[in-house]
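Below, each chain spelled out in residue letters.
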Amino acid sequence: MTSDRLNTAVLNANMTELKKLGMNGKELGKFTLPPALFGVEVNEHVLYEYVRNYLANQRQGTSSVKSRSTMSGGGKKPWRQKGSGRARAGTNTSPVWVGGGRAFGPKPRDYSYSIPAKVKRLALKCALSAKAKEDSIYLLDSLTLESPKTKEMVKIIKDLGLDEKKCTLVLGNMDKNISLSVRNITHVRPRLAANLNAYDLIDSEAVVFTQDALTKLIEALGEA
């Protein structure tokens, strides 16, 4: 086998064919996923670093407690220093007293930090590849609703066989009818292709792309 044929064979082996489905769950054709986006080696450490960063950036950091200096009270010494037989006490706001201030308690702080854009990009590719290997990616030819109908959206999800799975629905553009129809379905969350991140994928049992969403994602990542 020549080198060109060998390279072609390796490339085809890494290709992932995806069934293109209609809203009724019936197959309409095939779509080949680019291996540079859906066939990379999954780097678990990169995914760990991304998830750690994502969760840290979600923290509000508003926890706050009072220390002995910010408690109301104190003032007069509870009892004299000597002669009572009890331990020395200078203030009733001491952390060792019930109802006193807290020692080294949490104060408002910023937990967020940044990681390189290359790491975020690689984490997204790893998450997409992991879902592709698990056969957890679904492709809808189109998704349109004439009016907001949760019942219709539930039927679409059921026809795909995902009525009991936690799903991320990736859209090219946020359609009002779709967003209103899906907001009461607790196990389905809509996301725009432009805002898709690795955490959404990892935290899902299935990922449903519309055709335009998948095309936009591939173009945005430059893996067409």
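As shown above, the structure is provided for reference.
One structure accompanies this document, and this report is about it. (Residues numbered from 1 in each chain as written. Predicted model: local features only at pLDDT ≥ 70, side-chain atom pairs only at ≥ 80, totals over all residues. Heavy atoms only, no water.)

## Some details on helix H5 (residues 150-159)
- Of the positions making up H5, those classed as buried are Met 153, Ile 156 and Ile 157. Take H5 and look down its axis: the buried residues cluster within an arc of 95°, on one side only. In H5, the exposed positions that point more than 90 degrees away from the buried face belong to Lys 151, Lys 155 and Lys 158.
- Positive phi shows up at Gly 161, right after H5, with a value of about 80°. (Buried < 20%, exposed > 50% of the residue type's maximum accessible area, 1.4 Å probe, protein only. Helix = DSSP H or I, 4+ residues; strand = E, 2+ residues; numbered from the N terminus. Arc of directions from axis to C-beta.)

## Brief notes about the pattern of salt bridges
- Under the defined criterion, the tally for this structure stands at six salt bridges.
- Lys 131 is the salt-bridge partner of Glu 134, the closest N and O atoms lying 3.6 Å from each other.
- Residue classification places Glu 134 among the partly exposed residues on the basis of a relative accessible area of 49%.
- Given the relative accessible area of 8%, Lys 131 is considered buried.
- With a closest N to O distance of 3.2 Å, Arg 189 and Asp 203 form a salt bridge. Residue Arg 189 is found in strand E5 (residues 188-192), and its partner Asp 203 is found in the loop between helix H7 (198-202) and strand E6 (206-210); the two are separated by 14 residues along the sequence.
- Relative accessible area serves as the criterion here: at 26%, Asp 203 is assigned to the partly exposed category. (Salt bridge = Lys/Arg side-chain N within 4 Å of Asp/Glu carboxyl O.)

## Let's talk about the pairing of strand E1 (residues 16-21)
- Two strands pair when backbone bridges link them, and E1 and strand E2 (residues 27-33) are joined in this way by six bridges, in the antiparallel orientation. Residue pairing across strands places Thr 16 opposite Leu 33, the latter belonging to E2.
- Turn length for the E1-E2 hairpin, with the two strands adjacent in sequence and antiparallel, is five residues, and the turn residue Gly 25 shows positive phi of about 90°.
- Pairing geometry for E1 and strand E3 (residues 137-140), over two bridges, is parallel. If you follow Leu 21 over to E3, its bridge partner there is Leu 140. (Pairing = 2+ DSSP bridges.)

## Some details on the nonpolar core
- One finds Phe 38, Leu 128, Phe 209, Leu 214 and Leu 217 to be the most contacted residues of the largest nonpolar core, which totals 30 residues.
- Every element with two or more residues in this core is listed here: E2, helix H2 (35-38), helix H3 (44-58), helix H4 (117-133), E3, H7, E6 and helix H8 (211-220).
- Counting residues per element, this core draws most heavily on H4, at six residues.
- In contact with Leu 214, not counting residues within four places along its chain, are Phe 31, Leu 33, Phe 38, Leu 139 and Phe 209.
- Grouped together as the second largest cluster of nonpolar side chains are 19 residues, Leu 143, Met 153, Leu 169 and Val 208 included. (Core = buried A, V, L, I, M, F, W, Y, C linked by side-chain atoms within 4.5 Å. Contact = heavy atoms within 4.5 Å.)

## Some thoughts on the sheet that holds E1
- Spatially, the six strands line up as an open sheet ordered E2-E1-E3-E6-E4-E5, and their pairing is mixed. What marks the edges here is a single partner per strand, and that holds for E2 and E5. Across the sheet, the mean angle from the axis of one strand to that of its neighbour is 30°, orientation sign disregarded. (Axes fitted to C-alpha atoms, helices over the stretch in contact; angles between N-to-C directions.)

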